[in-house]
Amino acid sequence: MLGRNPIMKRTLRSIVSKVPATGLVGCALFWLSMAACSGRASMAVASLEDVQAAREWDVIQTSTGRLMPMEQWLDELAQQEVVYLGEEHHNRFHIDAARKILDALLARERVPVIAIEMFGWDGQAALDRYLADPTWTRIEFLEQSRWKENWGGPFEDYEPLMTFARDHRLAVQALNPPRQLVRRVAKQGLIEAKTDPGMVQWGMKDELIIDDPTYRATILRQLRLCHGGGSDSDYSAMYEASLFRDEAMAKTVDEALRRFRVTTGSGTGPVFSYTGGGHIQYQLPVPKRVARRRPDGVRQVTVYMTSFQSERRDEAAELVRDRIADYVWLTPLSAQGPPRRCR
């Protein structure tokens, strides 16, 4: 299925082994490298004047192009059932941003449930124990949660979120399906992979996986821009693995909503989904799939974080103009520098 292109083979091996580490601006290679490209036609907003005056840590509402007063914005987030926060991987400022929202939710007497991309379902038991048992060592936790197998980057990048959850006794839900299932889809295709016993074990054998035309067009375009030179079968393999993974994440968010009975006034909630920015872009990868599972509706909002530099203000304006999410949050640049762009 992978043809004879060694670069694309290495790319696909990277996809099925872990989620790598760069950010995105403009649009994302939705869950792999987060390398920015231009993915959808621009949508008019009322004004972009505020973008031109924006600074680090400002939040811009994409439907209007206006800056949001921070406390008003945090009040709005506290009324949601799901808050999706999309990061650039390994940007420590994005972890700071996540903790700011979590603090604000607690201050507003909500009890968020953290759903996080960096752990797989097969690490949930270890995750639960780590949060509940202060005597359990970090080394034991990382080994039994299968951190290296399911993510592979430095745990230190995301440890502050786990520490926050531990200190405040918050539930944390692993978002990712086990790596071996994603690998199976990438190697065999979705139809054949559905026969794997692991699909039964993890509740995915009979799961309805929607191949949305807009999602397909957006993702395949990004794959070709960010990973040129592949065959149709190369891109099909990456696409089906991505489709499977996003649907599995949506399933996890939906189950979290049911399990924790997240409602305004109950105290519990919202589900706070923390993933790479590509998983929330244009509402397509996960938010739209969660909405489909909830025909009676769901209150949810997407927040796309991006490294900001005043000399690259036009890139922030493009994100707002394209309505990459409900809100764009401008953060300081990561230590890795500006995100790579695919053009």
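Quick summary incoming for the structure in this document. (Residues numbered from 1 in each chain as written. Predicted model: local features only at pLDDT ≥ 70, side-chain atom pairs only at ≥ 80, totals over all residues. Heavy atoms only, no water.)

### Quick notes on the overall build of the protein chain
Selection rule: Secondary structure elements follow DSSP: runs of H or I of four or more residues count as helices, runs of E of two or more count as strands, with numbering from the N terminus. Exposure classes here rest on a 1.4 Å probe applied to the protein chains alone. A residue is buried below 20% of its type maximum, exposed above 50%, and partly exposed in between. By definition in these notes, contact holds between two residues if any of their heavy atoms fall within 4.5 Å. In these tables, accessible area is a Shrake-Rupley quantity obtained with a 1.4 Å probe, and a residue counts as shielded only by the protein chains included in the view.
Summing up its helical and strand segments, the protein chain has 15 helices and eight strands in all. Here the protein chain holds 343 residues, and the buried ones make up 59% of them. Taking the intrachain contacts of the protein chain between residues at least 6 apart in sequence as the baseline, contacts between residues at least 24 apart amount to 77%. As displayed, the protein chain has an accessible area near 14000 Å², and 50% of this comes from carbon and sulfur atoms.

### A look at the packing of helix α3 (residues 70-77) against helix α4 (residues 92-107)
In plain terms, the rule: Orientation is described by lines fitted to C-alpha atoms, with helices fitted over the stretch in contact, and by angles between N-to-C directions that extend from 0 to 180 degrees. Should an angle lie under 35 degrees it is considered roughly parallel, over 145 roughly antiparallel, and from 65 to 115 roughly perpendicular; all remaining angles are considered oblique. Asp, Glu, Lys and Arg are counted as charged, while Ala, Val, Leu, Ile, Met, Phe, Trp, Tyr, Cys and Pro are counted as nonpolar; the rest, among them Gly, fall into the polar class.
The contact between α3 and α4 brings their axes to 10 Å, and the two run at 70°. In terms of axis orientation, α3 runs roughly perpendicular to α4. Contacts between α3 and α4 involve Met70, Trp73, Leu74 and Leu77 from the former and Lys100, Ile101, Ala104 and Leu105 from the latter. Taken together, the residues of the contact of α3 with α4 break down into seven nonpolar, no polar and one charged.

### What about the environment of Tyr327?
Let me state the cut-off plainly: In protein, a polar contact means a hydrogen-donor-capable atom and an acceptor-capable atom, both N or O and within 3.5 Å, with residues adjacent in sequence counting only if both atoms are side-chain atoms; elsewhere, any N or O pair within 3.5 Å suffices.
Along the chain, Tyr327 falls in strand β8 (residues 327-331). Assessed through its relative accessible area of 3%, Tyr327 is described here as buried. Measuring from C-alpha to C-alpha, the distance between Tyr327 and Val59 comes to 6.5 Å, with 268 residues separating the pair along the chain. Filtering out sequence-adjacent residues up to four positions away, Tyr327 remains in contact with Val59, Ile60, Gln61, Thr62, Met68, Trp73, Glu76, Val301, Thr302, Val303 and Tyr304. Side-chain polar atoms of Tyr327 contact the side chain of Glu76, separated by 2.7 Å.

### Description of the packing of aromatic side chains
Where we set the bar: Side-chain rings of Phe, Tyr and Trp (the six-membered ring for Trp) are treated as a pair once their centres are within 6.5 Å; stacked means planes under 30 degrees apart, edge-to-face means over 60, and tilted covers the remaining angles. Consider the ring centre and the ring normal. A charge sits over the ring if Lys NZ or Arg CZ is within 6 Å of that centre and within 35 degrees of that normal.
For the coordinates displayed, the defined rule picks out 14 aromatic pairs. Cluster of aromatic residues (ring-pair linked, three or more members): Phe119, Tyr130, Trp136, Phe141, Trp147 and Phe155. Over the face of the ring belonging to Tyr130 we find Arg166, whose NZ or CZ atom lies 3.8 Å from the ring centre. For the cation-ring pair, Arg289 lies above Tyr215, with the distance from its terminal atom to the ring centre recorded as 4.4 Å.

### Structural notes on the pattern of salt bridges
Using the following cut-off: The term salt bridge refers to a pairing of a side-chain nitrogen on Lys or Arg with a carboxyl oxygen on Asp or Glu at a separation within 4 Å.
Following the criterion strictly, the structure yields 22 salt bridges and no others. We note a salt bridge from Glu71 to Arg108, for which the minimum N-O separation is 2.7 Å. Of this pair, Glu71 sits in helix α3 while Arg108 is found in the loop between α4 and β4 (111-120), placing the two residues 37 residues apart along the sequence. On the basis of relative accessibility, which here comes to 24%, the residue Arg108 falls in the partly exposed class. In this structure, the salt-bridge partner of Asp254 is Arg294, at a minimum N-O distance of 2.8 Å. In this pair, Asp254 is assigned in helix α13 (residues 232-260) and Arg294 in the loop between α14 (287-293) and β7 (300-307), connecting sequence segments 40 residues apart.

### Brief notes about the nonpolar core
Operational definition: Joining through side-chain atoms within 4.5 Å is the link that ties buried Ala, Val, Leu, Ile, Met, Phe, Trp, Tyr and Cys residues into a set, and such a set is a nonpolar core.
If you look at the biggest cluster of nonpolar residues, it comprises 50 residues, and the most contacted ones within it are Phe244 and Val253. Contributing elements (two or more residues each) for this core: β3 (82-87), α9 (179-188), α10 (190-193), α12 (213-226), α13, α15 (313-321) and β8. Sorting elements by how many residues they give to this core places α13 first, with twelve residues. Membership of the second largest hydrophobic core comes to 44 residues, among which are Leu127, Leu142, Phe164 and Val303.

### Let's talk about the environment of Met204
You can see Met204 is positioned in the loop between α11 (197-201) and α12. The class for Met204 is buried, based on a relative accessible area of 0%. Between the C-alpha atoms of Met204 and Phe244, which are 40 residues apart in sequence, the distance is 9.2 Å.

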